[in-house]
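Residues per chain are reported as follows:
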Amino acid sequence: MKAIEINGKIKTYNRLPNKWDSEGTTIVNFNKLSDTEAQDFGFFDVVMPTYDSVTQQISNLHFDGRKKKFVYDVTDKVFSQTLDEAKETKKQEVKTITNRLLQPTDWYGIRLAIKGIKIPQDITDARDEILRKSDIAEVEIDNLTTIAEVLKYNIVLVEPIDFLV
């Protein structure tokens, strides 16, 4: 990515433009210029920083004359939720996922209640495992100590399916 500062505003480009107007002259094949030649016209690389998008944000694209590159500042995000609110939101997400996972087999319970037909053991075992993992997830969430940890917590109530096997 390249950028140029024009009249105090920074404009970014995924790649150099094909044509560029400079001092009343249109330069064709501008995108074929070397990095050094492009720098002569004010185009410099944009450095994309490594950052944690959950807890940090990038802002304030500016030119760093020492590095001869455009750079972003990385700052910590300010969260609007308290730690307890974040935990409750995450635990509600656990409950929603649990409900979604149990729904396809709920009819076995209805059948048991109405007709007395026993629920197959493999279904009971699978449901119990989902509920067990749901309970564990909620305890783990309660034990987290920062909002960042809560936001990054990955809810896994069933084993992922590997379609490549």
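Our subject is the structure listed above.
Residues numbered from 1 in each chain as written. Predicted model: local features only at pLDDT ≥ 70, side-chain atom pairs only at ≥ 80, totals over all residues. Heavy atoms only, no water.

Colleague: I tried to follow the pairing of strand E7 (residues 69-76) on my own but got confused; where do I start?
Modeller: Strand residues, when the strand is regular, have side chains that alternate between the two faces of the sheet. The pairing of strand E5 (residues 44-47) with E7 spans 2 bridges and is parallel. Within E7, the residue paired with Val 46 across the bridge is Phe 70. Sheet topology note: the strand E6 (residues 56-64)/E7 ladder contains 7 bridges and is antiparallel. Note on E7: the bridge partner recorded for Gln 57 is Thr 75. Remark: 4 residues form the turn of the hairpin made by E6 and E7, two consecutive strands paired antiparallel; Lys 68 in that turn has positive phi of roughly 55 degrees. (Pairing = 2+ DSSP bridges. Helix = DSSP H or I, 4+ residues; strand = E, 2+ residues; numbered from the N terminus.)

Colleague: Could you clarify how one ought to interpret the nonpolar core in this entry?
Modeller: Within soluble globular proteins, side chains that are nonpolar tend to cluster in buried spots. With 10 residues, the main nonpolar core is built from Ala 86, Val 94, Ala 137, Ile 141, Leu 144, Ile 147, Val 150, Tyr 153, Ile 155 and Leu 157. Of all the secondary-structure elements, those providing two or more residues to this core are helix H2 (83-102), helix H4 (121-142) and helix H5 (147-152). If we ignore the near neighbours within four places in the chain, the residues touching Tyr 153 are Lys 90, Ala 137, Glu 140, Ile 141 and Leu 144. (Core = buried A, V, L, I, M, F, W, Y, C linked by side-chain atoms within 4.5 Å. Buried < 20%, exposed > 50% of the residue type's maximum accessible area, 1.4 Å probe, protein only. Contact = heavy atoms within 4.5 Å.)

Colleague: Even after reading the chapter, I still don't get the packing of H2 against H4, so can you show me in this structure?
Modeller: Helix packing for two helices is described by the angle between their axes and how far apart those axes are. Between H2 and H4, the shortest axis-to-axis distance is 10 Å and the interhelical angle comes to 175 degrees. Classified by the angle their axes make, H2 and H4 are roughly antiparallel. In contact with Lys 87, Lys 90, Lys 91, Val 94, Lys 95, Thr 98, Leu 101 and Leu 102 of H2, H4 contributes Arg 127, Ile 130, Leu 131, Ser 134, Ala 137, Glu 138, Ile 141 and Asp 142. Within the contact of H2 with H4, the residues separate by chemical class into 7 nonpolar, 2 polar and 7 charged. (Axes fitted to C-alpha atoms, helices over the stretch in contact; angles between N-to-C directions. Parallel < 35°, antiparallel > 145°, perpendicular 65-115°, else oblique. Nonpolar A, V, L, I, M, F, W, Y, C, P; charged D, E, K, R; others polar.)

Colleague: Would you take a moment to explain the side chain of Thr 55 for this structure?
Modeller: Summarising the element assignment, Thr 55 is placed in the loop between E5 and E6. When sequence neighbours within four positions are dropped, the list of residues in contact with Thr 55 reads Thr 75, Asp 76, Lys 77, Phe 79, Ala 148 and Lys 152.

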